[in-house]
Amino acid sequence: MEEAREEQQQQELKHLGSVRAAAIQTIVFVSAIYDYAKHNSGSLMPTLERVEGAVAAVVSPVYDKFKDVPDDLLLFLDAKVDSAAAEFDEHAPPLAKQVAGQVQDMIKKASDVAVELLVRAQSDGTQAAALYAATLH
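These figures come from a predicted structure and were not determined experimentally.

Enquirer: Outline the pattern of salt bridges, listing residues and values.
Expert: Under the counting rule described, the total for this entry stands at three salt bridges. With its nearest N and O atoms 2.9 Å apart, the salt bridge here joins Lys108 to Asp112. A residue pair is termed a helical-turn pair when its members lie 3 or 4 positions apart in one helix, as Lys108 and Asp112 do in helix H5 (residues 94–124) at four residues. Between Glu116 and Arg120 there is a salt bridge whose closest N-O contact spans 2.6 Å. In this pair, Glu116 and Arg120 both sit in helix H5, four residues apart, roughly one turn of the helix. Residue Glu116 is classed as partly exposed on the basis of its relative accessible area, which comes to 27%.

Shown next, in the form of structure tokens:
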């Protein structure tokens, strides 16, 4: 049931779908860095695990209470963006629409590059991501 709701919400995001994708990629990347640091913490591992357990005990109930807020907020903001875009399309002059389209294309390209950097950093490491970033123009 949770998967069906998530799928429905993903489809409903007309304008902010890349925000969710970028957030997921960032969480996965940070988790990978944390796991790497944890496994290489040596003698600090027992202390780290105790702190991790304490934090999980405090944060889990709060997370359970507010876990749907980001999705609901994204849906709300996406609807507002859709409404504003429709209003803009109705009243804006052609030149403003052309500029807005160019800006939208640039934002989409930047979002795609950010996701690609995260994917490369996850799969091949930060050096590979930095090398990829250096080849962009």
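Enquirer: Help me get a handle on the side chain of Lys38, residues and values and all.
Expert: Tracing the backbone through its elements, the reader meets Lys38 in helix H2 (residues 17–39). Within the local environment of Lys38, its side chain forms a polar contact with the side chain of Glu52, the two groups lying 2.8 Å apart.

Enquirer: A description of the environment of Ala129 should follow, citing residues and the corresponding values.
Expert: Inspection of the secondary structure assignment puts Ala129 in helix H6 (residues 126–135). You can call Ala129 buried: its relative accessible area is 8%. Setting aside chain neighbours within four positions, we find Ala129 in contact with Leu117, Arg120 and Ala121.

Enquirer: Kindly report on the packing of H2 against helix H3 (residues 45–66), identifying the contributing residues and their values.
Expert: When two helices pack together, you describe them by how their axes are tilted relative to each other and by the distance separating the axes. It is the contact of H2 with H3, at a shortest axis distance of 9 Å, that shows an interaxial angle of 140°. Compared by their axis directions, H2 and H3 come out oblique. Across from Tyr34, Lys38 and His39 in H2, the residues of H3 making contact are Met45, Leu48, Glu49 and Glu52. Here the residues of the contact of H2 with H3 sort into three nonpolar, one polar and three charged.

Enquirer: Explain helix H4 (residues 69–91) residue by residue, including any values.
Expert: Between the first and last C-alpha of H4 there are 33 Å, a value that for 23 residues agrees with the 33 Å anticipated at 1.5 Å per step. Along H4, the residues classified as buried are Asp71, Leu74 and Asp78.

Cut-offs and rules
- Residues numbered from 1 in each chain as written.
- Predicted model: local features only at pLDDT ≥ 70, side-chain atom pairs only at ≥ 80, totals over all residues.
- Heavy atoms only, no water.
- Salt bridge = Lys/Arg side-chain N within 4 Å of Asp/Glu carboxyl O.
- Helix = DSSP H or I, 4+ residues; strand = E, 2+ residues; numbered from the N terminus.
- Buried < 20%, exposed > 50% of the residue type's maximum accessible area, 1.4 Å probe, protein only.
- Polar contact = N/O pair within 3.5 Å; in protein donor to acceptor, adjacent residues only side chain to side chain.
- Contact = heavy atoms within 4.5 Å.
- Axes fitted to C-alpha atoms, helices over the stretch in contact; angles between N-to-C directions.
- Parallel < 35°, antiparallel > 145°, perpendicular 65-115°, else oblique.
- Nonpolar A, V, L, I, M, F, W, Y, C, P; charged D, E, K, R; others polar.
- Expected span 1.5 Å × (residues − 1).

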